[in-house]
Each structure stands twice: as C-alpha cells, then as structure tokens.
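One letter stands for each residue in the lines below.
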Amino acid sequence: MYSFPWLAAEKPCSLVGIARLASEGESLREGHNVEYFTLPAKSLLNRCTSGRGMPFTWTINPYRGCEFACKYCYARYTHEFMEMRDGIEFERKIYVKQHTAELLRRDLRRVKPGESIALGTATDPYQPAERRYEITRGILEEFSRHRGFELGVVTKSNLIVRDIDLLREVSRENKLSIHVTVTTLNVELARILEPRAPRPDLRIDAVRQLSEGGIDVGVSCSPVLPGITDSPADLEAVVSAASEAGARHIFGGPLFLKPCSAAIFLPFVEQNFPHLVETYRERYHDRSFLPASYARHISQLMAQLRQKYGIRRADPRGETTALRPASAQEQLSLF
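Residues numbered from 1 in each chain as written. Predicted model: local features only at pLDDT ≥ 70, side-chain atom pairs only at ≥ 80, totals over all residues. Heavy atoms only, no water.

Asks: So what about the overall build of the protein chain? Which residues, and what values?
Replies: When its secondary structure is counted, the protein chain shows 13 helices and eleven strands. The 335 residues of the protein chain split such that 52% are buried. For the protein chain, long-range pairs separated by at least 24 residues make up 79% of all intrachain contacts whose partners lie at least 6 apart in sequence. (Helix = DSSP H or I, 4+ residues; strand = E, 2+ residues; numbered from the N terminus. Buried < 20%, exposed > 50% of the residue type's maximum accessible area, 1.4 Å probe, protein only. Contact = heavy atoms within 4.5 Å.)

Next up, the structure:
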C-alpha cells in the first residue's frame, strides 16, 4: 500500500465536505492530459441508495474519476460533488483515496449478513492509476484477512490478472465474483467508445485466465447502446466469446444517461453516428432511462443467448449461497 502526503495548510475557500477535501489534495503526477491527486477519505464503504434494484448493498471505489474516458460513462456526475461541473474533468483529474485498508477494516463492521459489496461501480478499480498506486490491491489484501463477505469486482482492465493469486486467496473464505465489462468485440468501435480502456480481446483473455485460475468470473455487456451495440449479432458475438473463455455468468443492461453524461455522449454520437443523434435526443429527452420495454427486450435476448451458449447465470451477486459473515468480534480476532 502507498500512503501519500497532502497539503496541511488551510486554503481560504467556501467549499465544504468532499469538495473541500478534493481542493486540498496534492498533485501527484501529470501526463497525457491526466493529473492525479490525493484524496483524504473518511469512509470507504458507501451504501447503495439506488432504487434500480442493484444486486449489492455497499459500494467501494478506490479512485474518483476514471482515465478510461468511456464516452457513455454515467459516473461523471460524481465529480460534481467536488464542484467540478465540466464532465471532461472526470477523466482528467483522478483522485487517489488514502488509508483505504484502515478504513475498510473499520467499515466492514457495518456490513450485515446477506449484504453484498461491489468494488468498482463508479470508477474502474484497475484503471492506469492502479499500476502505480495499488489501492485496489491493498483493498483485496484487506479482504483476504476476513471471511464471510460477498464481494463483486467490476472492471474493463486486463490488469486484474496481476492479482489472480490474491483473488483466489480472497475467494477461499468469501464469496467472490468478477465482472469484466465487454460492450463490443469490434476493436475499432471499442477504440472510440472507450478510448483508453484495454482492447476487448485483452479483456476476454483476462476472463479466460481468471477462469483457468479457478475464479468465478463473468462478463457485463453493460451498457447496451441502442443502434450501436444492441444488434442480436453483436451481442451474440460477446456471449459466444465469453462462453468460450469460461465465463460463468453474463448480463447486459441499457444505457443510462445522466445530463452531465449526455453532454459528452450526444456530441460524440453526432460526430460518429449522425444518423442516430435525433433518435438519442428523443429517447433521452428529459429522462435518464430508456422505456422499460427496451430493457425487457435486452433482458430476454440475453437470456436466450445464455441458454444457447450454456451460461447458467446472469449475475451471481445477491444469491442466497453467500457465506455467513463473521461477527465483528470474529473479524477483529484476525488482526
């Protein structure tokens, strides 16, 4: 684990909460139009308050912001909590959380039996910053000292294979599932949709390596982009490749487009898919979600493809087979 110093001197400003903490962060490194900052954190676990039926109760994001710069990313709004209103800053100003292992050790006492934890819901835990700062690895090392938790890890990066041995160790006493995001197998399309994420073939190969390593791994096709990645042939290509690589689960959900994300994504569509821009503007006018009928269509199509390619589950998170969490006293005895 790395621990980074931050500026101790107070800065005269009216910012409060996380916006103030972000403003006090010290710049660590700058390059490729990306700058990294420290971010003192008061807690690592965040309770999921979404009403969308998420298969997890708690979330962990080792970083704020994500360098992968996916054009459709819904999480750009999280930088607004730090008074950053330009959606581009989400991919150019990356905040590295500090003292994560200590915070996690304390926060896990809040997790009740049956409550699952998702790592990487808003920013990728294996984005380029992880190669240097190893915040995600430190979190996994902490989980390896516990037992009885249900943890899911979501990533677009093949860097996760670096931690196969550690993931195997975590899974011995906890229920662990890995979800590698692959929205398309088309390399050129992926290059413009997800400019700085690893190629889709590298992600599929990561699925293969994790599966061969005995890890419960699957694929997330989310988000499914209307008119861009939602054709039956395109989705079948992803499901087929996932099955061949040993994926044990796969699911896909429609594009979720908040206003701050639409400000980035719609100009991208206009430039690269001009024939679709009016459709997108109409579908997402005054709303972030597509109609339920479209979500049902995607869900049914994915179910058919899972059956065709012998993948049994959509998402193992939230299933009743989770291990019983140890009591707080039992957890404390491990240190």
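Asks: Explain helix H5 (residues 135-143) to me, and be specific about the residues and the numbers.
Replies: An α-helix turns once per 3.6 residues; consequently, residues spaced three or four apart project the same way. Across the nine residues that make up H5, a large majority, seven, are buried. Inspection of H5 places Ile 135, Thr 136, Gly 138, Ile 139, Leu 140, Glu 142 and Phe 143 among the buried residues, and these make up the whole buried set.

Asks: A description of unusual backbone geometry should follow, citing residues and the corresponding values.
Replies: Going from Ser 222 to Pro 223, the amide bond is cis rather than trans, its omega being -5°. Mapped onto the elements, Pro 223 comes out in the loop between strand E10 (217-220) and helix H9 (232-244). In the Ramachandran plot, Ala 69 falls in the positive-phi region, its phi being about 60° despite a non-glycine side chain. Tracing the backbone shows Ala 69 in the loop between strand E5 (63-64) and helix H2 (89-92). Positive phi, close to 60°, is recorded for Asp 286, a residue that is not glycine. Here Asp 286 lies in the loop between helix H11 (277-283) and helix H12 (292-309). Assessed through its relative accessible area of 72%, Asp 286 is described here as exposed.

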